[in-house]
Amino acid sequence: MSAPLLDVKGLTKSFGGLVATDGLDLGVSAGETHAVIGPNGAGKTTLLAQLAGQLRPDAGTIHFDGADITGLSAPARSLRGLARSFQITSIFRDFTVLDNVALAIQAHAGHSFRLWQPARRDAALRDPAGAILERVGLGGRAEVVAGNLAHGEQRQLEIAMALGTRPKLLLLDEPMAGMGGEDSERMKAFLGSLKGTCTMLLVEHDMDAVFTLADRVTVMVYGRALACGAPAEIRADERVRQAYLGDEEGV
Amino acid sequence: MSAMNLRRWLTALCLALFALVPVVAGVFGQPFLLDIFDRIMIISIAAVSLNLIMGYGGMISFGHAAYLGIGAYSIGIPAYYGYYDAALQLPLAIAASALFALVTGYICLRTRGVYFIMITLAFAQMAYFAFISVEEYGGDDGLVIEARSRVPAGVVDLESNVQLYYVVFAVLVGALYLVHRIVNSRFGLVIQGAKDNDERMRAIGFNTFRYRLTCYVIAGAMCGLAGWLLGNFNNFFSPEMIAWTRSGELIFMVVLGGMGSVFGPVLGTVAFIVLEEVLSGFTIYWELIFGAFLILVVVFVRGGLMGMIAKFERPRP
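Residues numbered from 1 in each chain as written. Chains lettered and ligands numbered in written order. Predicted model: local features only at pLDDT ≥ 70, side-chain atom pairs only at ≥ 80, totals over all residues. Heavy atoms only, no water.

Student: Describe the pattern of salt bridges, with residues and values.
Tutor: Using the criterion set out here, one finds 21 salt bridges over all chains in the structure. The partner of Arg186 of chain A in a salt bridge is Asp183 of chain A, and the shortest N-O contact between them spans 3.6 Å. Of this pair, Arg186 of chain A and Asp183 of chain A both sit in helix 6 (residues 181-194), separated by three residues, roughly a single helical turn. Overall, Arg186 of chain A belongs to the partly exposed group, its relative accessible area being 42%. Here Asp183 of chain A falls in the partly exposed class, since its relative accessible area comes to 27%. Here Arg246 of chain B makes a salt bridge to Glu249 of chain B, at a shortest N to O gap of 3.2 Å. Placement of the pair is Arg246 of chain B and Glu249 of chain B together in helix 10 (residues 244-257), with a separation of three residues, close to one helical turn. Several salt bridges share partner residues, and in doing so they unite Asp99, Arg120 and Arg126 of chain A into one network. (Salt bridge = Lys/Arg side-chain N within 4 Å of Asp/Glu carboxyl O. Helix = DSSP H or I, 4+ residues; strand = E, 2+ residues; numbered from the N terminus. Buried < 20%, exposed > 50% of the residue type's maximum accessible area, 1.4 Å probe, protein only.)

What follows is the structure, encoded as structure tokens:
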């Protein structure tokens, strides 16, 4: 078996006395959709922040696409093909929807020390951005100022921006957070359509989405990987039921 | 596009009026008009450059007047030693300003918000006290510059007030056009994106520090150019030019005119200097009225004077 696309070994991060990530090992193979689930406070978002480079781990290594990226900055990781969406929507609120995605494409289209030609008339940025918006279902909203979008649409834009960087691995932090029934069904269908075209690491609370989309599931509790396996195995795992899934049944 | 018309017309109208001032001043025998508008345009260039980093880049510099001083001293110090050649003074003004911006920006841009404001102020104060402490160049009192920058005969003669005026005018138009191009370019979008959401910019692959530092250096160099013009216009340089209150005034002008619109700072400067002239003729307490006016504009008109004008335009389709 070839080396995984993402290979995390012994990742550790603590804030004061609180150990958010505790010697975590995690592997994501190319092409798979890998879900990370766990109760609130299990350290899922902290994990993503360390993978994407917003946080620096105290110990451990992160290998991505064959290279050690543990010491790299967030932009450097993005340029290597690691994209992240944020749990709390993080978009450019003053820019139009199309501008948002065009910027993500621009970031990967050589340096931006280009001070003269109007970027908003640059077909090399605008056309692919428009195509991505069509894909995520925001085609008709391209010229709307992003801050004026409905919540569900902002979540879609969040994914569109990540896709604009043409990632090898997409880190999705609760893409369905705060979404209503219809929006969340649409997002689930969209993520399903991404399967196979893009490797995904999905952090999500919506168990229905997780068990529909994921090829493998890692269960995190107190910063550690409690179990890892196919959805059916995880569902059957007694420790997981006790630690986590049992709580969900009543919901 | 039609929604932009009013602001475009106003910009064209203002620039046309600026261009006509020497004619009017000549016909009506009012040379002080030339002086006021010279000053307005020179300070406008400084405000336009500040707006590039502050309005578009979110970098609120409380030390931007330092570059006016550096530009002026780049004439004054060579002139003190008998070097009047513009071919020396002008590149010196721009290079010295750019270098000051590069060194201080490298440090300032590691901070954000209030810390950024305070550290830019601190650097400007360092420059201020450095200029004061050098007795050779007049210290506190500054020095008179014996002659304006010398340009090869046949090009322009800066000793002519009208010719200097049109040089200032040309530089202002050039600065406005440059900023207009920059803010709409790829580079400009990166700067504005970093103002809006720096973490996101980094997450999609931009090393924003480099772009912001470059922007900071461009703005510094542009303001240094304004300082070169100011020194030539005043025939005088002193540390007072870069006192922190001067930097504060520049911020006022930008906010008053409208942050994040290319021409806004020019309107702000016009309003600031004209009001200053008019009100100070009425009462010695003019600053009190002036302060109240500024507060009203900031509180009630988001986007400054340009924002107010934008409200009269037809809404975007």
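Moving on from the coordinates now.
Student: Run through the sheet that holds strand 2 (residues 18-28) of chain A, naming residues and quoting values.
Tutor: Residue and element names in this part refer to chain A. Sheet architecture is open: four strands sit in the order 2-1-4-5, paired in antiparallel fashion. Whereas interior strands pair on both sides, the edge strands pair on one side only; in this sheet they are strand 2 and strand 5 (67-68). Bridge analysis of strand 1 (residues 6-15) against strand 4 (residues 59-64) gives five bridges, and the strand direction is antiparallel. Bridging from a neighbouring strand, Asp7 pairs with His63 of strand 4. Against the sheet, helix 1 (residues 44-52) touches strand 1, strand 2 and strand 4, its axis set at about 120° to strand 1. (Pairing = 2+ DSSP bridges. Contact = heavy atoms within 4.5 Å. Axes fitted to C-alpha atoms, helices over the stretch in contact; angles between N-to-C directions.)

Student: Kindly report on the sheet that holds strand 3 (residues 33-37) of chain A, identifying the contributing residues and their values.
Tutor: All names here are of chain A. Within the open sheet, the six strands sit side by side as 6-7-8-3-9-10. Their pairing is mixed. Two strands lie at the open edges of the sheet, namely strand 6 (82-85) and strand 10 (224-229), each paired on one side alone. The sheet shows a mean angle of 20° between the axes of neighbouring strands, taken without regard to direction. In this sheet, strand 10 lies alongside strand 9 (residues 216-221) in antiparallel orientation, the contact comprising five bridges. Looking across to strand 10, one finds that Thr218 is bridged to Cys228.

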